[in-house]
Structure formats: C-alpha cells, structure tokens
Amino acid sequence: MNGSIRVSAKTVDDAITEAMIQLGATSDKIEYEVIEKGSPGFLGIGMKQAVIEARRKPEPEPEPEIFSAPEENPVKEEEKAEEPAFRKKEKTEKRQKKEAVKPSKKPEKTEKEEKPVKAEETKREETVLAEVQEGTVAAVEEFLKNTLAAMEMEVEITSEIDADGALSINMKGEHMGILIGKRGQTLDALQYLANRVANKHQDGYVRVKLDTENYRARREETLKHLAKNIAHKVKRTRRPVALEPMNPYERRIIHSALQSDPYVTTHSEGEEPYRKVVVTLKR
C-alpha cells in the first residue's frame, strides 16, 4: 500500500481506531490489511499485539457539474422578440395583476427552511442539568458493572462530576476497543443506556458521559481535522460535501469547528440515526 502506515495495538479494533486518528479520517475513508490478528495469551503471558497496515482510500475524481441553462428554449426568446408591442403590454399587465392578487410565498418558505438549521442540536445544550445525587451515581455504576460482567470484561470504573455538571465516568481495562466499537457506536449505546438509568433514579435532567482510553478527546480532534479538510475541499471544488451520518454530539463538533470559517457554512440533513452534516460554500 502506497502512503500507508503500520499500526499495532492490543486488538484489531484498537489498531483501526489508532489508524483513523493518525490518518485524520473516519473508518469509511480508510482501507487496511490485517498483518497480525494478535492474541491475548494466557494470563498475559505470550500476548501478541494486533498489527494492521492502513491508508486513506483514494478520492474519486469529482464529476463535472452540470449547470442548467437559465433560458429554457432560445428559439422562444427569438419569437418573443418579434412579438408586436401591444402583445407584450397585455402579457405584462396580466402578470402584474397576478402578482398583486397572489403575494409571493418565497420568504415564508425560506424562514421555514432556515429555522431547523439555526436550532441544530441546541435543545440539549440549553437544558439545565440537575445536581447528580449519590444514589444516581451508585445506580449507574452498578448498571455498568453488571453489564460489563455479562460481557466478561474486567473494567475499573471512576466517576466524577465534571465542570458542566454532568456525571463523567471513565473506564479502564483490557480490550477496550471492544467497548468502543466501530466509530464509537458501542460506547455511545452504553452511554445512552446509562443516561436512561440515571434519569430514572431522580427528578430533573441528568447527563452521563462515558469514556475510555481518552477516546472522546481523540475522536473530537479527528472530527475537527476532518472538518477542516472537508472545508478545504469545498473551497477548492466549489461543491457541497456530505459527511457520514453522525450522532448529535459529533455533528455539533463539525458545526463548531467551521462556524467561524468565512467561506463555508454547515447544516444537517436527514432523520436520526442517519442525520448527517453537509458543508457548502457560502454565497
């Protein structure tokens, strides 16, 4: 593989995650070959790390954009030019009467289209978090321990209330790549369930954040780097680019990373869980 990197980690999933971070790309934008699957050994003895060789997928050449001509039929324009003056006057008067009777709906439509974009992923940010009670922390920790035990994983759990007032839980142990899953999907699913447990045990809204091996911070840096690369591509090709579907938290990272860029703008399209960010050139 030309332009490839070789990455080793405890598991193949861990190696793929590390390759994504080093290449600054999401999983669907890289291709890899497993050199060594790795093995846990017996009680840590004889453990072999997984090794992969990865690289960015070559980007396809952009197809030329097809611009529709502003005039539907040039022959009709020539015929219009030869029309008598009184015919033109009659058509103009009829058009003016129609416009006076039926006001334009365009501004109303624009307002409806812009409203969801402006409110993109802000509702949860505006929610006032309730103070996390000790019983809630204990319930969430017990839920996680039971779930991880069912997965036959030995994990050390550390809980704290972060600066935002959310219950932040960090997990340490072996084979954390399994807990993270592809693009963090397993970790997000476990975090969703932990939030359900927390909000079932007390009044008010409680937010739970799960992390392991500093995955959230690494993923954020990857997404910021990806956002800048996409913005550069949009400026170069002058064509919009749609990213892969992301959860609300990751979409907010993309929006925030490009909100101060004077040349591009972002909005989200689609329905959950396939909602994605689209980067377009500012008009």
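Residues numbered from 1 in each chain as written. Predicted model: local features only at pLDDT ≥ 70, side-chain atom pairs only at ≥ 80, totals over all residues. Heavy atoms only, no water.

Some words on the layout of surface pockets
Of the voids in this model, the largest pocket is the one considered here, and its volume is about 1400 Å³. In terms of lining residues, the largest pocket is bounded by 39 residues, among which Asp 188, Gln 191, Arg 216, Asn 247 and Tyr 249 are the most central. Secondary structure elements with two or more residues in the lining of the largest pocket: helix H5 (123–126), strand S5 (167–173), helix H8 (185–200), strand S6 (208–212), helix H9 (215–237) and helix H10 (248–258). In terms of residue count, the dominant contributor to the lining of the largest pocket is H8 (8 residues). For the lining of the largest pocket, the residue count by class is 14 nonpolar, 8 polar and 17 charged. (1 Å grid on protein atoms, 1.4 Å probe; cavity = no way out; pocket = protein on both sides within 12 Å on 5 of 7 lines; lining within 4 Å. Points joined across faces, edges and corners; volume = space filled by probe spheres on them. Helix = DSSP H or I, 4+ residues; strand = E, 2+ residues; numbered from the N terminus. Nonpolar A, V, L, I, M, F, W, Y, C, P; charged D, E, K, R; others polar.)

Description of H9
In an α-helix, one turn spans 3.6 residues, which is why side chains three or four residues apart end up on the same side. Compared with the 33 Å implied by 1.5 Å per residue over 23 residues, the 32 Å span of H9 between its first and last C-alpha is a close match. Along H9, the residues that are buried comprise Tyr 215, Arg 216, Arg 219, Thr 222, Leu 223, Leu 226, Ala 227, Ile 230, Ala 231 and Val 234. Immediately beyond the C-terminal end of H9, within one or two residues, lies Arg 238, with a positive phi of roughly 60°. (Expected span 1.5 Å × (residues − 1). Buried < 20%, exposed > 50% of the residue type's maximum accessible area, 1.4 Å probe, protein only.)

So, the sheet that holds strand S9 (residues 276–281)
If you walk across this open sheet you meet the 3 strands as S7-S9-S8, and the pairing is antiparallel. Edge positions in the open sheet fall to strand S7 (241–242) and strand S8 (264–269), since each of these has one partner strand only. Both S7 and S9 contribute to a ladder of 2 bridges, which runs antiparallel. Within the sheet, the bridge partner assigned to Ala 242 lies in S9 and is Val 278. Against the sheet, H9 engages S7, S8 and S9, with an angle of about 40° to S9. Contacts from H10 reach S8 and S9, with the element oriented near 165° to S8. (Pairing = 2+ DSSP bridges. Contact = heavy atoms within 4.5 Å. Axes fitted to C-alpha atoms, helices over the stretch in contact; angles between N-to-C directions.)

Comments concerning H8
Compared with the 22 Å implied by 1.5 Å per residue over 16 residues, the 23 Å span of H8 between its first and last C-alpha is a close match. Buried within H8 are the following residues: Leu 187, Asp 188, Leu 190, Gln 191, Ala 194, Asn 195, Val 197 and Ala 198. Of the surrounding elements, those touching the buried residues of H8 are helix H6 (134–150), S5, helix H7 (176–180), S6 and H9.

What about the pattern of salt bridges?
A full pass over the atoms with the stated rule returns 11 salt bridges. With a closest N to O distance of 3.2 Å, Arg 55 and Glu 31 form a salt bridge. Note that Arg 55 is positioned in strand S3 (residues 50–56) and Glu 31 in strand S2 (residues 30–36), a separation of 24 residues in sequence. Classification of Arg 55 by relative accessible area gives buried; the value is 18%. Note that Lys 224 is salt-bridged to Glu 220, the shortest N-O span being 3.3 Å. One end of the pair, Lys 224, and the other, Glu 220, are both in helix H9, 4 residues apart, so they sit about a helical turn from each other. When its relative accessible area of 31% is taken as the criterion, Lys 224 is described as partly exposed. (Salt bridge = Lys/Arg side-chain N within 4 Å of Asp/Glu carboxyl O.)

Things to note about unusual backbone geometry
Outside of glycine, negative phi angles account for most residues, and trans bonds account for most peptide bonds. Residue Pro 273 follows Glu 272 across a cis peptide bond; omega there is 0°. A positive phi angle, close to 60°, is found at His 175, a residue other than glycine. With respect to the secondary-structure elements, His 175 resides in the loop between S5 and H7. Overall, the relative accessible area of 25% leaves His 175 in the partly exposed class. A positive phi is found at Arg 238, a non-glycine position, where the angle reads about 60°. On the secondary structure map, Arg 238 appears in the loop between H9 and S7. Arg 238 sits in the exposed class, given a relative accessible area of 59%.

Everything listed here is a matter of coordinates, which is why it stays silent on function.
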